[in-house]
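# Observations on the model geometry
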Amino acid sequence: AWSAAQALAFDAALAVPLAREQRLGGDLDAAQATLATIDPASLSPVAHAAWLDERASIARAEAARLPVGDAATAERRDELLRASARDLEQALALEPTPDREYRLGLVEVDLGEPERAIPALERSLASGPFVPEHAATLGYAYQSVGRYEDAGRELARSLDTDRDQLPLYEDLAYVRVKEMRNDDAITLLEQAIDNTPLYPADDAAERAAIDERRLAMRREVSELSRSFSLLAYTSICFGTSNCEVGAATPLSAGASKSQGGVELAYRPPVIGYRDGRVFEVISRTLFEQEVNSIVPRGQTTVITLGVRYKPLSFVDGYLSAERLFGVGSDAQSNVLLRGTLGWQQGYAMQPGVPRWWYTTLYGDVARTVAAPHDWFFYGEARQGMTFNVYGDRTMLTPHLYARGRFQTGDGSDFQEVDLGLGVVLRWLFRADEYHDYQSSAELLPRVGYDAYNSDGRDLTVSLTAIVRF
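Let us look at the structure shown here.

### What about the pairing of strand 6 (residues 316-326)?
- Relative to strand 6, strand 5 (residues 302-310) runs antiparallel, the two being bridged by eight bridges. Paired with Tyr-309 across the bridge in strand 6 is Leu-319.
- With antiparallel pairing between neighbouring strands as the criterion, strand 5 and strand 6 make up a hairpin whose turn holds five residues.
- The pairing of strand 6 with strand 7 (residues 334-345) spans nine bridges and is antiparallel.

Dropping the structure here:
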């Protein structure tokens, strides 16, 4: 209709609506040509602002069309977006409106400059009626610059006004995690999980992506809702000459080939889990076992009480301090300082995937504070492949391993490095609609040979059983 009117007789007042019609129809060249027929200096301030508005929209549309490519393409995209921002700033100087402020904020977001977008987005909300979409955009900009409290406020305002914004439940939940409001995050994630059947999915790839998001949310709920955890393990060494190694009490990982124990950990409210950082109160019962047996050596039993802290959210490393209470006649009372560091890939179940590579690295160093002063070192590396053997809940992982145990100080010194083959059979349980598997039972038979042993080399056969609850 606009094109037909212009064809009959040129009217400057129709040029901007015509250019808009052409832009929305996908013909950006025609839209630019239509705007070029007008001398903006001849327009009133309001009409001039509308003309600048449309030119800014055409430039942003051109930028959106550019493929993701080389540096030259990225530079051209930035040029277009910056031109769009300049036009909108000039239009705002002529006639400020909430919508123009909002679109200026969007352009700054497109440029990857959320700190520049925030003032315009704030003005768009302050100068006009409340628009949920505008509040959500401002919330995401706050989130991008680390202003999580402000982000949570705006995203919550938007969601409270329009409950049909399905992505906001999940996005606001992760902001609440950043704010350490874990209970609120759990509630939002459970609502987001309930909403996943409503997410649009046109093909198998999109359905798989939704399933992955749902699994990630269930795992996050499991982590956020954990207060207590229990670990029980036993490791049986079959042999004679090299099964008894290390201290009378196995104070760190791998300090003995034949050992067992139970660990109880508690995460206090608020400080227990803070966006990936963890603080726990822990108690362990540790003992050596008779060779070829799971029978504990009562004289080696130690009970500990202490705290454990994971200071970095992105590193699986813990620092701990424990008071040791020697219960057995050969056990010592002392204070143990300990640090552990781990990295793993392919450990978690991958639903629907038949097999995947598995890699893990682990290091453990410990030190007794009082006499006898001893250092304990343990390191292990595994490389193998995991097979999803039953119902996305049972995994079989054959792997090669290398591990080293070292102890030095006032007590017995020893050094050992062994290489071998192991197979982990792990069964997962305790899952529901909102939680991924929270518990597991694991069997690990191993056959290894001492590449180096200060007490003499030998072949070792062992079986480890672990239950995590």
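### Some thoughts on the pattern of salt bridges
- Tallied over the entire structure, the rule returns 39 salt bridges.
- Notably, a salt bridge pairs Arg-23 with Glu-54, separated by 2.5 Å at the nearest N-O pair. Placement of the pair is Arg-23 in helix 2 (residues 12-24) and Glu-54 in helix 4 (residues 45-65), with a sequence separation of 31 residues. Accessibility classification places Arg-23 together with Glu-54 in one group, the buried group.
- Notably, a salt bridge pairs Arg-338 with Asp-364, separated by 2.5 Å at the nearest N-O pair. With a gap of 26 residues between them, Arg-338 in strand 7 and Asp-364 in strand 8 (residues 355-368) connect regions that are remote in the sequence.

### Some details on a nonpolar patch on the surface
- On the surface, a nonpolar cluster with roughly 470 Å² of combined accessible area is contributed by Val-281, Ile-303, Leu-305, Val-307, Phe-325 and Val-327.
- The leading source of residues in the nonpolar patch is strand 5, at three residues.
- Positionally, Leu-305 belongs in strand 5.

### Description of the pairing of strand 9 (residues 374-390)
- Of the strand pairs in this sheet, strand 8 and strand 9 are connected by 13 bridges, and their pairing is antiparallel. When the bridges of strand 9 are listed, Val-365 appears paired with Phe-377.
- The turn linking strand 8 back onto strand 9 is made up of five residues.
- Here strand 9 folds back onto strand 10 (residues 394-409) in antiparallel fashion, the turn holding three residues, of which Gly-391 has a positive phi close to 55°.

### Remarks on the environment of Ile-466
- In this fold, Ile-466 is placed in strand 13 (residues 459-468).
- Considering only alpha carbons, one finds Ile-466 and Phe-314, 152 residues apart in sequence, at a separation of 26 Å.
- Excluding residues that lie within four positions of it along the chain, Ile-466 makes contacts with Leu-231, Ala-232, Tyr-233, Ser-440, Ala-441 and Glu-442.

### Focus: the packing of helix 4 against helix 6 (residues 98-110)
- At their nearest, the axes of helix 4 and helix 6 sit 12 Å apart, and the two run at 25° to each other. When the interaxial angle is binned, helix 4 and helix 6 end up roughly parallel. When the axes of helix 4 and helix 6 are compared, the crossing they make is left-handed. Contact with helix 4, carried on its side by Ala-49, Ala-50, Asp-53, Ser-57 and Arg-60, involves Arg-100, Arg-103, Leu-106, Val-107 and Asp-110 of helix 6 and no other residues of that element.
- When grouped by side-chain class, the residues that make up the contact of helix 4 with helix 6 number four nonpolar, one polar and five charged.

### Things to note about the packing of aromatic side chains
- Under the defined criterion, the tally for this structure stands at four aromatic pairs.
- Aromatic side chains Phe-228 and Tyr-266 sit 4.8 Å apart centroid to centroid with 35° between the ring planes, which places their arrangement in the tilted category. With Phe-228 in strand 1 (residues 228-238) and Tyr-266 in strand 2 (residues 259-266), this residue pair connects regions lying 38 residues apart in the sequence.
- Here Phe-228 falls in the exposed class, since its relative accessible area comes to 54%.
- Ring geometry for Trp-375 against Phe-377: centres 5.9 Å apart, planes inclined by 10°, an arrangement best described as stacked.
- The residue whose ring lies beneath Arg-323 is Phe-325, and the NZ or CZ to ring-centre distance is 5.3 Å.
- One residue, Arg-426, lies across the ring of Tyr-347, its end atom 3.9 Å from the ring centre.

### Observations concerning the packing of helix 9 (residues 148-161) against helix 10 (residues 166-178)
- The geometry of helix 9 relative to helix 10 is characterised by a closest axis approach of 9 Å and an angle of 155° between their N-to-C directions. For the element pair helix 9 / helix 10, the angle class is roughly antiparallel. When you trace helix 9 past helix 10, the crossing you get is left-handed. Where helix 9 abuts helix 10, its residues Tyr-148, Ala-151, Gly-152, Arg-153, Leu-155, Ala-156, Ser-158 and Leu-159 lie against Leu-168, Tyr-169, Leu-172, Val-175, Arg-176 and Lys-178.
- Looking at the contact of helix 9 with helix 10, its residues break down into nine nonpolar, two polar and three charged.

### Some words on helix 3 (residues 28-36)
- Turning to helix 3, its buried residues number three or more, namely Leu-28, Ala-31, Thr-34 and Leu-35. Buried residues of helix 3, seen end-on, are gathered within an arc of 120° and therefore sit on one face of the element. Set apart from the buried face of helix 3 by more than 90 degrees, the exposed residues are Asp-29 and Ala-36.

### As for the environment of Arg-267
- In this structure, Arg-267 sits in the loop between strand 2 and strand 3 (273-274).
- Considered as a pair, Arg-267 and Ser-225 are 42 residues apart in the sequence and their alpha carbons are 9.8 Å apart.
- Every residue in contact with Arg-267, bar those within four places of it in the chain, is listed here: Glu-223, Arg-226, Ser-227, Gly-272, Tyr-273, Val-278, Phe-279 and Glu-280.
- Within polar-contact distance, the side chain of Arg-267 engages the side chain of Glu-280 at 3.2 Å.

### A few points about unusual backbone geometry
- Note that the residue after Ala-371, namely Pro-372, is joined by a cis bond; omega there is 0°.
- With respect to the helices and strands, the residue Pro-372 is situated in the loop between strand 8 and strand 9.
- One non-glycine residue, Asp-275, adopts positive backbone phi at about 55°.
- Considering the arrangement of structural elements, one finds Asp-275 in the loop between strand 3 and strand 4 (277-288).
- We note that Asp-392 has phi near 60°; this positive angle belongs to a residue other than glycine.
- Of note, Asp-392 is situated in the loop between strand 9 and strand 10.
- Residue Asp-392 is classed as partly exposed on the basis of its relative accessible area of 27%.

Reading the values: rules and limits
Residues numbered from 1 in each chain as written. Predicted model: local features only at pLDDT ≥ 70, side-chain atom pairs only at ≥ 80, totals over all residues. Heavy atoms only, no water. Pairing = 2+ DSSP bridges. Helix = DSSP H or I, 4+ residues; strand = E, 2+ residues; numbered from the N terminus. Salt bridge = Lys/Arg side-chain N within 4 Å of Asp/Glu carboxyl O. Buried < 20%, exposed > 50% of the residue type's maximum accessible area, 1.4 Å probe, protein only. Patch = residues over 30% accessible without salt bridge, like charges linked within 9 Å, V, L, I, M, F, W, Y side chains within 5 Å. Areas by Shrake-Rupley, 256 points an atom, 1.4 Å probe, with all protein chains shown as cover. Contact = heavy atoms within 4.5 Å. Axes fitted to C-alpha atoms, helices over the stretch in contact; angles between N-to-C directions. Parallel < 35°, antiparallel > 145°, perpendicular 65-115°, else oblique. Left-handed = near helix turned anticlockwise from the far one by under 90°. Nonpolar A, V, L, I, M, F, W, Y, C, P; charged D, E, K, R; others polar. Phe/Tyr/Trp six-rings, centres within 6.5 Å; stacked < 30°, edge-to-face > 60°. Lys NZ or Arg CZ within 6 Å of the ring centre and 35° of its normal. Arc of directions from axis to C-beta. Polar contact = N/O pair within 3.5 Å; in protein donor to acceptor, adjacent residues only side chain to side chain.

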